[in-house]
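Commentary on secondary and tertiary structure
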Amino acid sequence: RRPPRSTPSNSSAASDVYKRQLDDFNLEYVQNLRMTDFQTNEVDRIELFSPMDSIVITAENDTLWRIIEPEEINCRLWQVERLLVQADTMGAFEILTSAAGKGFDHSQFELNLFSGDSLIVSLQAGDYAGEEKIYMRDRLRDVVYLTRASQIERLSYTFKDLADIPVRHMVK
């Protein structure tokens, strides 16, 4: 006689479904490890460094952000808000035990967030781990993560992405 479906046994189909649900839950949990912990409204300075660009942005007030490096110009508020939300919601697959050999000595990307004079987030992207994953390091907590490369690509803003450059039309 078979046990009832609600009773997981090692050989029942219900047990297999139950185990798959646990595996899916664990995978979802691991993929959603948060890499940052900050309040977006606390940030008043952003530093982005990549091999192509170095950008420093400061908040003049709640609705005006200015790029101060490489040149001074107003910044697109919606892009800054988007960048902060993306940084705040970054997740990882797993936490690693060592930063050695992960490419942090020649980082591909760095993000520093400040509240006043306090550095509250400092992330650094290292080497790719395969085609779709990348190593990330939280330099403040000295934690190394493995995450999706697409998360870093979403944070890779250029000066042109952020600068509020008026579009001028030429009329002949």
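Anyway, here's the lowdown on the structure attached to this text. (Residues numbered from 1 in each chain as written. Predicted model: local features only at pLDDT ≥ 70, side-chain atom pairs only at ≥ 80, totals over all residues. Heavy atoms only, no water.)

**Digging into the pattern of salt bridges**
Quick note on the threshold: Counted as salt bridges are all cases of a side-chain nitrogen of Lys or Arg within 4 Å of a carboxyl oxygen of Asp or Glu. Each helix is a run of H or I in the DSSP string that is no shorter than four residues. Each strand is a run of E no shorter than two, and both are numbered from the N terminus. The buried label applies to any residue whose accessible area, calculated with a 1.4 Å probe on protein chains only, is under 20% of its type's maximum; exposed applies above 50%, and partly exposed to all values in between.
Under the counting rule described, the total for this entry stands at five salt bridges. Between Asp 88 and Arg 34 there is a salt bridge; the shortest N-O distance is 2.7 Å. Taken together, the residues Asp 88 in helix H2 (residues 77-88) and Arg 34 in strand S1 (residues 33-34) connect sequence positions 54 residues apart. For Arg 34, a relative accessible area of 46% gives the class partly exposed. The residue Glu 72 makes a salt bridge to Arg 66 at a minimum N-O spacing of 3.6 Å. A relative accessible area of 56% means that Glu 72 is categorised as exposed. Taking the relative accessible area as the measure of exposure, Arg 66 reaches 19% and is therefore buried.

**Comments concerning the side chain of Arg 66**
The test is simple: Identification of polar contacts relies on pairs of N or O atoms within 3.5 Å, with a donor-acceptor requirement for protein atoms, meaning one able to donate a hydrogen and the other able to accept it, and with residues adjacent in sequence counted only if both atoms are side-chain atoms.
Tracing the chain through its elements places Arg 66 in strand S4 (residues 65-69). Side-chain polar atoms of Arg 66 contact the side chain of Asn 74, separated by 2.5 Å.

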